[in-house]
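Each chain is listed here by its residues.
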Amino acid sequence: MTSSDIWDAETAQRYDESSAFMFAPEVLEPAVDLLAELAGDGPALELAIGTGRVAIPLAERGVPVSGIELSQPMVDQLHRKRADIPVVVGDMATSSMPGPYSLVYLVWNSLGNLRTQDEQVACFRNAARHLAPGGRFVIELWIPGIRRFPPGQAAVPFHVGQHHVGFDTYDMTTQQGTSHHYRRHDDGTVTYGASNFRYVWPAECDLMARLAGMELERRVADWNGTPFTHDSESHVSVWRMPV
Ligand SMILES: C[S@@+](CC[C@H](N)C(=O)[O-])C[C@H]1O[C@@H](n2cnc3c(N)ncnc32)[C@H](O)[C@@H]1O
């Protein structure tokens, strides 16, 4: 039983269009470049593969890619675009694919979809289980935006525009968060959607990686290799299995 929200058919159908900014070449190409370099000659496994935003261009570079994904509708959208990417429908904390892999990766903050520490620890262990000796686990994750919360305030906006207002609420005792989205449509109607997550600091990720037998090899702020500093709002981290 997973704690993750299940992405439904309507969300899956709208995913590529509503995430268009994440498909932009300047966002996607540096990610695919680094993942292709880290995969080397070996196959890659994407946890929470979604509709194949990253997996499809990586496969087009000649890297054999497989996936694990909780939402069947997301997998259906992926296979509509490219049918030859093997995916098991299941929880990334526990599901298996035949391996081993030289690279396992989990991008766009998707670790946070696992909303308990036990499941996140299990996810790191599952990644490690799929890796060959010397193989690498890569995650892309945002840094919890706690500094944006003035004392006593429970919600902070992350986007205020004409068609969309989004704000986060955090519970700092449990590391749980919710992103709330209000969207105003062309006909004047407003819809509300929310997604839930468990936020986690890089140091906790490092500990989970160590529990799974991996060591930190590299941490940068983004796919372009920007140095990671105390002001970074995200990190791309690479842990490695012993050779
Ligand atoms: C933000 S999307 C990222 C999809 C894709 N990796 C990308 O970069 O476009 C998060 C994905 O995580 C999936 N997901 C959520 N919880 C999961 C779980 N426990 N196991 C596997 N996939 C999960 C969702 O169904 C969704 O496809």
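The residue numbers shown here count from 1 along each chain, following its written sequence. Only residues with pLDDT of at least 70 get local features here, since the model is predicted, and only at 80 or more are side-chain atom pairs given and counted; chain-wide, interface and lining totals rely on the full set of residues. Note that water and hydrogens are dropped before the side-chain values are worked out from all heavy atoms of the structure.

Asker: For this particular structure, what's the right way to read the pairing of strand β2 (residues 65-69)?
Answerer: The side chains of a regular strand alternate between the sheet's two faces. The buried fraction of β2 is high, at five of five residues. When accessible area is computed with a 1.4 Å probe and restricted to protein chains, residues below 20% of their type maximum are described as buried, those above 50% as exposed, and intermediate ones as partly exposed. A helix here means a DSSP run of H or I that spans at least four residues, while a strand means a run of E at least two residues long, and both kinds are numbered starting from the N terminus. The alternating pattern of β2 places V65, G67 and E69 and S66 and I68 on opposite faces, both of which are buried. Strand direction decides the pairing type here: strand β1 (residues 44-47) and β2, joined by four bridges, are parallel. From the neighbouring strand, L47 faces β2, where its bridge partner is I68. Handedness of a crossover is defined as follows: orient the strands so they point away from the viewer, and if the path from the first strand over the helix to the second runs clockwise, the crossover is right-handed. Where the polypeptide runs from β1 across helix α4 (residues 55-60) and back to β2, its parallel neighbour, the crossover connection is right-handed. Two strands pair when backbone bridges link them, and β2 and strand β3 (residues 87-89) are joined in this way by three bridges, in the parallel orientation. What sits directly across from E69, in β3, is V89. After leaving β2, the chain enters helix α5 (residues 72-81) and then returns to the sheet as β3, a path that is right-handed. When DSSP finds at least two bridges between two strands, those strands are taken to pair.

Asker: I'm lost on unusual backbone geometry in this one. Help?
Answerer: Where the residue is not glycine, phi is negative for most of them; where a peptide bond is considered, it is trans in most cases. A cis geometry characterises the amide bond from G99 onward to P100, with omega recorded as 0 degrees. Of note, the phi angle at A48 is positive, near 60 degrees, even though the residue is not glycine. With respect to the helices and strands, the residue A48 is situated in the loop between β1 and α4. The phi angle at N109 is positive, at roughly 65 degrees, despite the residue not being glycine. In this structure N109 comes out as partly exposed when scored by relative accessible area, which is 24%.

Asker: What's the story with the packing of helix α6 (residues 117-129) against helix α7 (residues 202-211) in this structure? I'm lost.
Answerer: Geometry of a packed helix pair, given as the angle between the helix axes and the separation of the axes. Orientation is described by lines fitted to C-alpha atoms, with helices fitted over the stretch in contact, and by angles between N-to-C directions that extend from 0 to 180 degrees. Where α6 contacts α7, the axes come no closer than 8 Å and their chain directions differ by 55 degrees. Overall, the two elements α6 and α7 adopt an arrangement that is oblique. By crossing handedness, the relation of α6 to α7 is classed as right-handed. The residues of α7 that touch α6, namely those facing Q117, Q120, V121, F124 and R125, are E204, C205, M208, A209 and L211. When residues are sorted by character, Ala, Val, Leu, Ile, Met, Phe, Trp, Tyr, Cys and Pro go into the nonpolar class, Asp, Glu, Lys and Arg into the charged class, and all the rest, Gly among them, into the polar class. Grouping the amino acids of the contact of α6 with α7 by side-chain chemistry returns six nonpolar, two polar and two charged. Angle categories: roughly parallel below 35 degrees, roughly antiparallel above 145, roughly perpendicular from 65 to 115, and oblique for all the rest. Here a crossing is called left-handed whenever its near helix is offset anticlockwise from the far helix by less than a right angle, and right-handed whenever the offset is clockwise. By the convention used here, residues are in contact when the closest approach between their heavy atoms is within 4.5 Å.

Asker: How should the pattern of salt bridges be read in this particular structure?
Answerer: When charged atoms on two side chains of opposite charge get close, those side chains can pair. Salt bridges are identified by distance alone: a Lys or Arg side-chain nitrogen within 4 Å of an Asp or Glu carboxyl oxygen. Following the criterion strictly, the structure yields 11 salt bridges and no others. In this structure, R198 engages E204 in a salt bridge whose closest nitrogen and oxygen atoms are separated by 3.0 Å. On the basis of relative accessible area, R198 is assigned to the buried category, the value being 6%. On the accessibility criterion, E204 (14% relative accessible area) is buried. Ionic pairing is found between D206 and R219, a salt bridge with its closest N-O pair at 2.7 Å. You can see D206 sitting in helix α7 and its partner R219 sitting in strand β10 (residues 215-220), a full 13 residues away along the chain. Here the residues in one salt-bridge network are R136, E217 and R240, joined through shared partners.

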